[in-house]
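Here's the letter readout for the chains.
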Amino acid sequence: MNIAVTTPQPKPDTETVVRSLTILGGRDKTGNPEKLDLKVEPGDVLCLVGPTGSGKSCLLADIECLAQGDTPSGRRILINGAVPPLTWRYATGRKMIAQISQTMSFVVDLTVAAFLELHADCRHLENQAQIVRQTITCANQLCGEPVKAGMALAQLSGGQSRALMIADTAVLSASPIVLIDEIENAGIDRKRSLDLLIANEKIVLISTHDPILALAGKKRLVIKNGAVTDVIETSFAEIRNLAVLQRYDYALGALRHRLRGGERIESPLDWGCV
Ligand SMILES: Nc1ncnc2c1ncn2[C@@H]1O[C@H](COP(=O)(O)OP(=O)(O)O)[C@@H](O)[C@H]1O
Ligand SMILES: [Mg+2]
């Protein structure tokens, strides 16, 4: 069956507001059908969980290229309930989808401010100076090491780079869909990063092994052998546990800070009352 014939097509360039993204199942690595018809809306955060090699990045890649049964998984991605026009799949300018990966680094010779000004300029934004300042302030809320306007992009650490990219995606970028591949070891405040993207009404899909991120999403997709095998809605009990996990996480962060400062950690740790 040819999906392009059976699914309504939006008129190219007339419908650019993303109201929903739908993932239609394909097949797992052994060729068995993946039973999935999942609609995601702006402000939703979906986490992808599963062992290494299970197919998390593959699902993100399917969304990134707006797959139409033409990737190894055979999945199809609909935007606003319809097959997106080809121009959306291959657009290089106003990209609908932003992707933040674990191994990103800048290769351009620009300062943080010059890069953000360039981006604001490309987007024809007014109040550029204010938006640039706002983006840098946001980046600093996500990362322990300060990000300053005059710093060279190429000299930013991994944590600073990702904090800047998340702030840029949330504040400056027009992309309504954000894909994040395993940022747990990125040296940034993961929960705050998610909150920032949610507040800006993005659709966020994030692959993660991190319990804090996994429970911070509205739903999580369990991935096994290349296919989504379960969709779990985060329960109230899990949200309660998330608050406890966050307290442990801050306590661990404080310990890390003390160790970095050359302190000894000898007083008994009482994790029961953090
Ligand atoms: N449904 C599928 N059908 C065929 N190959 C798949 C499928 N899903 C994933 N793969 C392949 O399995 C390998 C591991 O997938 P990947 O997405 O990198 O896993 P993860 O990100 O969970 O570690 C990749 O080579 C990918 O192309
Ligand atoms: Mg991966």
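Refer to the preceding data block for the structure.
For the structure given in this document, a descriptive report is provided here. This one's a predicted model, so the numbers in the text were calculated from it and none came from an experiment.

Even without glycine at this site, His124 takes up a positive phi of about 55°. Note that His124 resides in the loop between helix 4 (112-122) and helix 5 (128-142). Even without a glycine there, the phi angle at Asn225 is positive, about 50°.

By size, the foremost hydrophobic cluster in this structure holds 61 residues, and its most contacted members are Ala139, Ala163 and Val204. Considering every element that reaches this core, the biggest residue donor is helix 6 (residues 158-172), with seven residues. Those residues in contact with Ala139 that sit more than four places away from it in its chain are Val147, Ala163, Leu164 and Ala167.

A word on the packing of helix 4 against helix 5. Where helix 4 contacts helix 5, the two axes come as close as 9 Å, and the packing angle between them is 125°. With respect to each other, helix 4 and helix 5 are oriented oblique. Between helix 4 and helix 5 lies a crossing whose hand is right-handed. On the side of helix 4, the interface is formed by Val112, Ala113, Leu116, Glu117, Ala120 and Asp121, while helix 5 contributes Gln128, Ile131, Val132, Thr135 and Ile136. Tallied by class, residues from the contact of helix 4 with helix 5 come to seven nonpolar, two polar and two charged.

Conventions adopted
- Residues numbered from 1 in each chain as written.
- Chains lettered and ligands numbered in written order.
- Predicted model: local features only at pLDDT ≥ 70, side-chain atom pairs only at ≥ 80, totals over all residues.
- Helix = DSSP H or I, 4+ residues; strand = E, 2+ residues; numbered from the N terminus.
- Core = buried A, V, L, I, M, F, W, Y, C linked by C-beta atoms within 7 Å.
- Buried ≥ 20, exposed ≤ 12 C-beta atoms within 10 Å, placed from the backbone.
- Contact = placed C-beta atoms within 7 Å.
- Axes fitted to C-alpha atoms, helices over the stretch in contact; angles between N-to-C directions.
- Parallel < 35°, antiparallel > 145°, perpendicular 65-115°, else oblique.
- Left-handed = near helix turned anticlockwise from the far one by under 90°.
- Nonpolar A, V, L, I, M, F, W, Y, C, P; charged D, E, K, R; others polar.

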